[in-house]
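Chain by chain, the residues:
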Amino acid sequence: MKINLLTRAIIKVNHHRKSCLNLALGAVALGLVQAPVMAQDGGDTIEELIVTGTPGGASVKRFDASFAISTVDDAEIKQVSPASTADLLKTIPGVWVESSGGVSGANIFVRGLPSGGDADFVTVAINGLAIFPAPTLSFMENSTLFRVDETIERLEGLRGGPNPVYSNGQVGLTTNFILKEGGEETEGALRYTTSDYDLQRIDGMVSGKLADDLYYMIGGYVSSSPGVRDAGFNAEEGHQFTVNLTKILDNGKANLFHRSTDDHGTWYLPVALDVNGVETGLDAGYTQVGQRNRHVLVPMSGADGNGGSAINWESMDMGEGRGWDGSVTGGSLELNLANDWTFIDRFSLTKGDADTFGFVPQGAAVTLGSLNGGVAGETVTGAPLAANQLVQQFGPWVVKKDISAFNNDLSLGKRWDDFKLTLGYYSSAWDVSEQWSIGNQKWYQLGHNGEQVSAASISDPCQGADVATCGWKYDVDARGDARENAFYIAGETYIGDVTLDAGVRLANRQTSYAVDDGALDGRDDFFVDADESNTAYTAAANWNFRDDMGVFVRINDGFKYPDFDAYRDFRGDFNNGSDLIIDVSQLELGYKLSRDNYSLYATGFSNKTKGQPFCDVGAASCSRLETKAIGVELDGKLYLGDFTLDLNATVQEPEIDNGPLAGNQVLRQPTHMMRLTPSYNLTLGGNVETSLYATYSVISDRYGDNANTNTLDSYTKLDLGVQVNIDNLNIQLAVDNATDELALTESDPRATGASANGRYILPRNVKLSLGYNF
């Protein structure tokens, strides 16, 4: 079978990037040649509607789209059983997700686009509008602000394509979560979930009709657990409530929703790997934070009132980890007007706190005796420590962020027989007020619940209670606001089976930002008052030469404006005249096959970036990194009776294209990755239906640095699951990382060269859920 051939081609990919890419291109060519043979007479194209990547969010068939987009419906979301919002994004080709940091704070990378962490090229949207227009602020990427539950109808993931022209102009990945809407009949779901790490979670959703043409959906969850990496207390706690109202009008639809979330979990960080070549024994189940050390005094800097700076020691709870306490309110109005005119307006308001607390390791682990002449010691509570006890510096980091954002996307469209024109206006405003205290290192006993070492046990005065840090310390007190106004025009024309489309976006951003990050004395050290304008465009040709088969070609040219952190971190370049804008150009060649029992979407892509700052943070000036990437994405499904096979694969060659590191692989980016998910449905008699499924993932080598001196080894991962349906009752057992693979997603991001620390993927864990649908 065709998809099996593609799968074997991907699995055989070796670590040589040229061979890797050649195999991928060969697989796509094989698909183009053999796909027509697979077609069955009488088959119909699968009609799957999408709303992401279109002017104003107007719906189109996925098969008719001239760009790379993937969908994940609510049933598939349940099957994935994601550990976090970011963890769900691994189902999208071209996306590499490091979701090993817990329920918040993932690192997400897209199609070889350069990033050192967080999610510089990822937007998370609800019903078509970004939750926060800036994809990343330090310690806060977009997925932190969203939680998956029963209220989600589907996820749409758009890579590249027309992205730079619409909405917030994201050049990389837009993940659009579509909320469920009510219908004529009352429907609902209630689900209880537990796990081998004592997860206790209840989800609920109900939808129906309030009045003629007025429908509702309400739902949410409450959840509590010690975490996959057991903290010894309920370190992961949260709840969420969503209401979605829909009014069907004579000539359109109106919608209003509100989503309130309060959810946080332990911030999982890199762990010490070895000491002088000997492994520490710490595995993927380890987390430093525990009941005995979670409350700690943190040195918080501030103005002393006399023109200077002073440190106040404040008690903080590192067990709070990372999370989101806030809300998103939004809505839309869609009208079909006379003479084939359409009007669409979407709006949203986000407001809340996204704080970070955690013990961050610094440097390598050592024995206590190496610090004090070889004698034993004790912790600050008097617990004895042997001379060979491993200790390491940990800093209690505190980052408090208060954010808000408003978006509005308005479009007016007109259709003629062979042409459609859309005019749009997108406006957004967002702000942040934040306070940091990071660094703050002290020596701690290495291990879960490990306490701080007493000052008398180490021959270093920095360990004293009145000293802020044994290493470095960085404090920030900052306030920023930004406004963006963009006008776009998009046209579409039809010549037989060929559709041509193009769009242009004119965007202006105004940014005001002030930061005090020296001695926090109440006087700002750096100011930004920037006003930048830029233009993005996209153009494509789509040819559906059969009812079930088509091809497309698309180009785009976009940009990423600098956000608050870029101005702060690369102020030297900004002061020297750099606008800090990253330019991104992309080319896509797509093949589409969609039948009743199988589909294959293959997209070849090439992108180039220019302008990414590349240097140590805080340096006087930086080189401007240029990168290029070429690759292929495969998104396939096969249905053979009761057997289903899903394929999600990416093969790429992401390279640095300038300077002394030219030819090196872009950091943290795999050259190939694959997810293969077979499932089989069984009818056991009566009303009992069972589905058995598994997901086999392959991730290639990556590098923790652009110099390619720190190798992150390739790994495989196996997930297993079973679902049993008895009338309206559903039972699911999901096993993540069934073989308990010990694999690194990242090294120490602050280390150069080989790293003494690394962060593992989550250990094997098992979830059991009982659901009732009505």
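Procedures and definitions
Residues numbered from 1 in each chain as written. Predicted model: local features only at pLDDT ≥ 70, side-chain atom pairs only at ≥ 80, totals over all residues. Heavy atoms only, no water. Helix = DSSP H or I, 4+ residues; strand = E, 2+ residues; numbered from the N terminus. Rg over C-alpha atoms; globule rule 2.2 N^0.38 Å. Buried < 20%, exposed > 50% of the residue type's maximum accessible area, 1.4 Å probe, protein only. Contact = heavy atoms within 4.5 Å. Polar contact = N/O pair within 3.5 Å; in protein donor to acceptor, adjacent residues only side chain to side chain. Pairing = 2+ DSSP bridges. Disulfide = S-S within 2.5 Å. Core = buried A, V, L, I, M, F, W, Y, C linked by side-chain atoms within 4.5 Å. pLDDT = per-residue confidence, 0-100. 1 Å grid on protein atoms, 1.4 Å probe; cavity = no way out; pocket = protein on both sides within 12 Å on 5 of 7 lines; lining within 4 Å. Points joined across faces, edges and corners; volume = space filled by probe spheres on them. Nonpolar A, V, L, I, M, F, W, Y, C, P; charged D, E, K, R; others polar. Phe/Tyr/Trp six-rings, centres within 6.5 Å; stacked < 30°, edge-to-face > 60°. Lys NZ or Arg CZ within 6 Å of the ring centre and 35° of its normal. Salt bridge = Lys/Arg side-chain N within 4 Å of Asp/Glu carboxyl O.

### A few points about the overall build of the chain
Within the chain one finds seven helices and 46 strands. For the chain, the C-alpha radius of gyration of 26 Å lies close to 28 Å, the compact-globule estimate for 774 residues. Across its three principal directions, the C-alpha atoms of the chain cover 80 × 65 × 60 Å. For the chain, the residues scored as buried account for 59% of the 774 residues in total. Restricting to contacts in the chain with at least 6 residues of sequence separation, those with at least 24 account for 68%.

### Regarding the side chain of S404
Mapped onto the elements of the fold, S404 is located in strand 27 (residues 390-415). Side chain to side chain, S404 and D431 meet in a polar contact 2.7 Å long.

### Brief notes about the pairing of strand 36 (residues 623-640)
The pairing of strand 35 (residues 598-614) with strand 36 spans 16 bridges and is classified as antiparallel. Opposite Q612, over in strand 36, you have L625 as the bridge partner. By the bridge criterion, 14 bridges tie strand 36 to strand 37 (residues 643-656) in an arrangement that is antiparallel. Its bridge partner lying in strand 37, E633 is registered against T650.

### Considerations on the sheet that holds strand 3 (residues 68-73)
Read from one edge to the other, the open sheet built from five strands follows the order 3-10-11-6-7, with strand pairing classed as mixed. In the strand order of this sheet, the two ends are held by strand 3 and strand 7 (129-130), each with one partner. Where strand 3 meets strand 10 (residues 152-159), six bridges bridge the pair, whose relative direction is antiparallel. The residue of strand 10 that forms the bridge with V72 is L155.

### A closer look at the state of the cysteines
All chains considered together, the criterion is met by one disulfide. Covalently, C462 is tied to C470 through a disulfide, its sulfur atoms 2.0 Å apart. Taking the torsion about the sulfur-sulfur bond, which here is approximately 95°, the covalent link between C462 and C470 counts as right-handed. Overall, C462 belongs to the buried group, its relative accessible area being 10%.

### Considering the side chain of R111
Relative to the assigned elements, R111 resides in the loop between strand 5 (107-110) and strand 6 (122-126). Overall, R111 belongs to the buried group, its relative accessible area being 1%. Residue contacts for R111: discarding those within four places in its chain leaves A68, G94, R159, G160, Q586, E588, T603, F605, N607, A629, E633 and Q652.

### What about the nonpolar core?
Counting 66 residues, the largest nonpolar core has I108, F132, L145, F146 and F177 as the members making the most contacts within it. If sequence neighbours within four positions are ignored, L145 has contacts with I131, F132, M140, W324, A354 and I403. In terms of nonpolar packing, the next biggest core, distinct from the first, is built from 22 residues, V271, L273, A284 and L446 among them.

### Considering the confidence of the model for the chain
Per-residue confidence for the chain averages 92 on the pLDDT scale, and 93% of its residues sit at or above 70. Every residue in residues 1-45 is under pLDDT 50, and counting partners more than four places away or in other chains gives 87 contacts.

### Quick notes on empty space enclosed by the protein
Applying the stated criterion to the full structure yields five cavities of 30 Å³ or more. Taken as a whole, the largest cavity spans an internal volume of roughly 720 Å³. Taken together, 38 residues form the lining of the largest cavity, with S81, P82, V148, R201 and K767 sitting closest to its centre. Taken together, the elements giving at least two residues each to the lining of the largest cavity come down to helix 3 (74-80), strand 12 (187-195), strand 13 (200-211), strand 14 (214-225), strand 15 (236-249), strand 16 (252-265), strand 43 (729-736) and strand 46 (765-773). A breakdown of the residues in the lining of the largest cavity according to their chemical character gives 14 nonpolar, twelve polar and twelve charged. What lines the second largest cavity is a set of 26 residues, and nearest its centre among them are D87, K90, W96, V97 and Y715. Among the elements that take part in the lining of the second largest cavity, strand 4 (residues 95-98) stands out by supplying four residues, more than any other. Looking at the lining of the second largest cavity, its residues break down into twelve nonpolar, seven polar and seven charged.

### As for the sheet that holds strand 45 (residues 757-760)
In a beta sheet, neighbouring strands are held together by backbone hydrogen bonds and run either parallel or antiparallel to one another. Taken together, three strands build an open sheet; the order of strands is 17-45-44 and the sheet is antiparallel. This sheet does not close on itself; its edge strands, each paired only once, are strand 17 (271-272) and strand 44 (744-747). With three bridges connecting them, strand 44 and strand 45 associate as antiparallel partners. Counted as the bridge partner of L744 is Y760 from strand 45.

### So, unusual backbone geometry
With phi around 65°, F139 is a residue other than glycine that occupies positive phi space. With respect to the helices, strands and loops of the structure, F139 is situated in the loop between strand 8 (136-137) and strand 9 (140-141). When its relative accessible area of 14% is taken as the criterion, F139 is described as buried. You will see that N708, though not glycine, has its phi angle at about 60°, which is positive. Residue position: N708 is located in the loop between strand 40 (702-703) and strand 41 (711-712). You can call N708 buried: its relative accessible area is 19%.

### Side note on the environment of G572
With respect to the helices and strands, the residue G572 is situated in helix 7 (residues 571-575). The exposure class assigned to G572 is buried, which follows from its relative accessible area of 13%. For the pair formed by G572 and C622, sequence separation is 50 residues and the distance between their alpha carbons is 8.0 Å.

### Digging into the packing of aromatic side chains
Under the defined criterion, the tally for this structure stands at 18 aromatic pairs. Consider the rings of F146 and F177, whose centres lie 4.2 Å apart with planes at 25°: the pair is stacked. Here F177 lies in strand 11 (residues 173-179) and F146 lies in the loop between strand 9 and strand 10, a separation of 31 residues in the sequence. Connected via pairs of aromatic rings, a cluster forms that spans F139, W267, W397, W436, W472 and Y474. Over the ring of Y268 we find R229, and its NZ or CZ is 4.8 Å from the ring centre. For the cation-ring pair, R322 lies above W267, with the distance from its terminal atom to the ring centre recorded as 5.0 Å.

### Notes on the pattern of salt bridges
Side chains that differ in charge, positive against negative, can pair when their charged atoms come close. By the definition in use, this model includes 45 salt bridges. A salt bridge links R568 to D565; its shortest N-O distance comes to 2.8 Å. Note that R568 and D565 are positioned in helix 6 (residues 564-569) at a spacing of three residues, about one turn of the helix. One continuous salt-bridge network, built from bridges that share partners, spans K401, E434, D565, R568 and D569.

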